[in-house]
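# Structural description and commentary
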Amino acid sequence: MKDYKEIIDALELERISVSSVEYNKDYSIISIHGGLNGRGDILYYLDQVERIICGLQGYCKNVWLVSWLNDCPDDVWYLKLGVSHE
């Protein structure tokens, strides 16, 4: 099994954390949270998510968006990505 947390941590993105990885037979679901906690910048968040997806594509056959939830008052977000195993 790939260590998706290690792959994402190696990207050294500001205030990005992998909260969990759910491993299944053919795919995994990676839960990630981020945000700047008060000085939101959607273009910055989009760039971070793009870098995460591009970083995972080097290790996975497919990457897809499961959900991306925003907590406006706290300026944090919760991202779930699916990845298929090679």
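Residues numbered from 1 in each chain as written. Predicted model: local features only at pLDDT ≥ 70, side-chain atom pairs only at ≥ 80, totals over all residues. Heavy atoms only, no water.

As defined by bridge partners, strand S1 (residues 17-23) adjoins strand S2 (residues 27-34) across six bridges and the pair is classed as antiparallel. Note on S2: the bridge partner recorded for Val18 is Ile32. What sits between the antiparallel neighbours S1 and S2 is a turn of three residues. (Pairing = 2+ DSSP bridges. Helix = DSSP H or I, 4+ residues; strand = E, 2+ residues; numbered from the N terminus.)

Applying the stated rule across the entire model yields one salt bridge. In this structure, Asp9 and Lys5 form a salt bridge, with 2.7 Å as the shortest nitrogen-oxygen distance. Taken together, the residues Asp9 and Lys5, both in helix H1 (residues 4-9) and four residues apart, mark about one turn of the helix. Residue classification places Asp9 among the partly exposed positions, given a relative accessible area of 37%. Residue class for Lys5 comes out partly exposed when judged on its relative accessible area of 38%. (Salt bridge = Lys/Arg side-chain N within 4 Å of Asp/Glu carboxyl O. Buried < 20%, exposed > 50% of the residue type's maximum accessible area, 1.4 Å probe, protein only.)

The next subject is helix H2 (residues 42-57). The periodicity of an α-helix, 3.6 residues per turn, causes residues three or four positions apart to be oriented the same way. In this model, H2 (16 residues) spans 22 Å end to end at C-alpha, consistent with the 22 Å of a helix rising 1.5 Å per residue. Elements that come into contact with the buried residues of H2 comprise H1, S2, strand S3 (63-71) and strand S4 (76-84). (Expected span 1.5 Å × (residues − 1). Contact = heavy atoms within 4.5 Å.)

This part covers the nonpolar core. Core analysis: the biggest nonpolar cluster contains 19 residues, and Ile8, Ile30, Ile32, Ile52 and Leu56 have the highest contact counts within it. Of all the secondary-structure elements, those providing two or more residues to this core are H1, S2, H2 and S4. Ignoring sequence-local partners within four residues, the contact set of Ile8 consists of Ile16, Val18, Ile30, Ile32, Ile52 and Leu56. (Core = buried A, V, L, I, M, F, W, Y, C linked by side-chain atoms within 4.5 Å.)

Spatially, S1-S2-S4-S3 is the arrangement adopted by the four strands of the open sheet, whose pairing is antiparallel. Looking along the sheet, the strands with just one partner apiece sit at the ends: S1 and S3. Going from strand to strand, the sheet's axes swing by 15 degrees on average, the running direction of each strand aside. Pairing of S3 with S4, which is carried by eight bridges, proceeds in the antiparallel orientation. Bridging from a neighbouring strand, Trp64 pairs with Gly82 of S4. (Axes fitted to C-alpha atoms, helices over the stretch in contact; angles between N-to-C directions.)

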